Amino acid sequence: QLQASGGGLVQAGGSLRVSCAASGRTFSSYTMGWFRQAPGKEREFVSGIRWSGGDTNYADSVKGRFTISRDNRKNTVSLQMNSLKPEDTAVYYCAASRYTLSTTQAMGTSTLYPYWGQGTLVTVSS
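Residues numbered from 1 in each chain as written. Predicted model: local features only at pLDDT ≥ 70, side-chain atom pairs only at ≥ 80, totals over all residues. Heavy atoms only, no water.

Chemist: Whenever I open this one, unusual backbone geometry confuses me. Can you help?
Modeler: Negative phi values dominate among residues other than glycine, just as trans dominates among peptide bonds. Notably, Asn-75 is not glycine yet its phi reads approximately 60 degrees, a positive angle. Along the chain, the position of Asn-75 falls in the loop between β7 (66-71) and β8 (76-81). Phi angles above zero are rare outside glycine, and Leu-101 is one such case at about 50 degrees. By the secondary structure assignment, Leu-101 is in the loop between β9 (90-97) and α1 (104-107). Leu-101 sits in the buried class, given a relative accessible area of 6%. (Helix = DSSP H or I, 4+ residues; strand = E, 2+ residues; numbered from the N terminus. Buried < 20%, exposed > 50% of the residue type's maximum accessible area, 1.4 Å probe, protein only.)

Rendered as structure tokens:
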């Protein structure tokens, strides 16, 4: 199971950190990803990190503003979001995949992630 937390309301330009705690199994060897879904829009890839933590990917829309990290000892993955914009408003979901997802395209494909958290709402006011 994956449990996301840390969402909330923040003003544009502010920062927020969302985290995802895994339980029931060890996800240290899994690729972890963050996706988001804004009202009326499809779910989109935000960021991903492979098991070692040294290989990360970001959607162009968040590159330079968001940073993904993981702590395999604590079975957690986090997304630090800076310089938030109103268009970042969405429900943020963490996901886990046992696959290596060796390409950027693969890492951004939601159907390759069998495990999903319940989502946490991030609202950025203008």
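Chemist: Honestly, the packing of aromatic side chains in this entry has me stumped. Any pointers?
Modeler: In this description, a pair of aromatic rings is defined by centroid distance and the angle of the planes. Tallied over the full model, the rule gives eight aromatic pairs. Judged by centre distance (5.7 Å) and plane angle (80 degrees), the rings of Phe-27 and Tyr-115 are edge-to-face. Pair noted here: Phe-27 is in the loop between β3 (16-22) and β4 (31-37) and Tyr-115 is in strand β10 (residues 115-116), with a separation of 88 residues, a long-range link. Residue Phe-27 is classed as buried on the basis of its relative accessible area of 2%. Put simply, the rings of Phe-35, Phe-45, Tyr-93, Tyr-113 and Trp-116 pair up and form one aromatic cluster. The ring centre of Tyr-93 lies 4.0 Å from the NZ or CZ of Arg-43, which sits over that ring. (Phe/Tyr/Trp six-rings, centres within 6.5 Å; stacked < 30°, edge-to-face > 60°. Lys NZ or Arg CZ within 6 Å of the ring centre and 35° of its normal.)

Chemist: What is the right way to read the sheet that holds β8 from this model?
Modeler: Two pairing modes exist for strands in a sheet, parallel and antiparallel, and in both the strands are linked by backbone hydrogen bonds. Here four strands make up an open sheet; going across it, the order is β1-β3-β8-β7 and the pairing antiparallel. With partners counted over all chains shown, the strands left at the sheet margins are β1 (2-5) and β7, one partner each. The average angle at which neighbouring strand axes cross in this sheet is 15 degrees, direction not considered. Two strands pair when backbone bridges link them, and β3 and β8 are joined in this way by six bridges, in the antiparallel orientation. Bridging from a neighbouring strand, Arg-17 pairs with Gln-80 of β8. (Pairing = 2+ DSSP bridges. Axes fitted to C-alpha atoms, helices over the stretch in contact; angles between N-to-C directions.)

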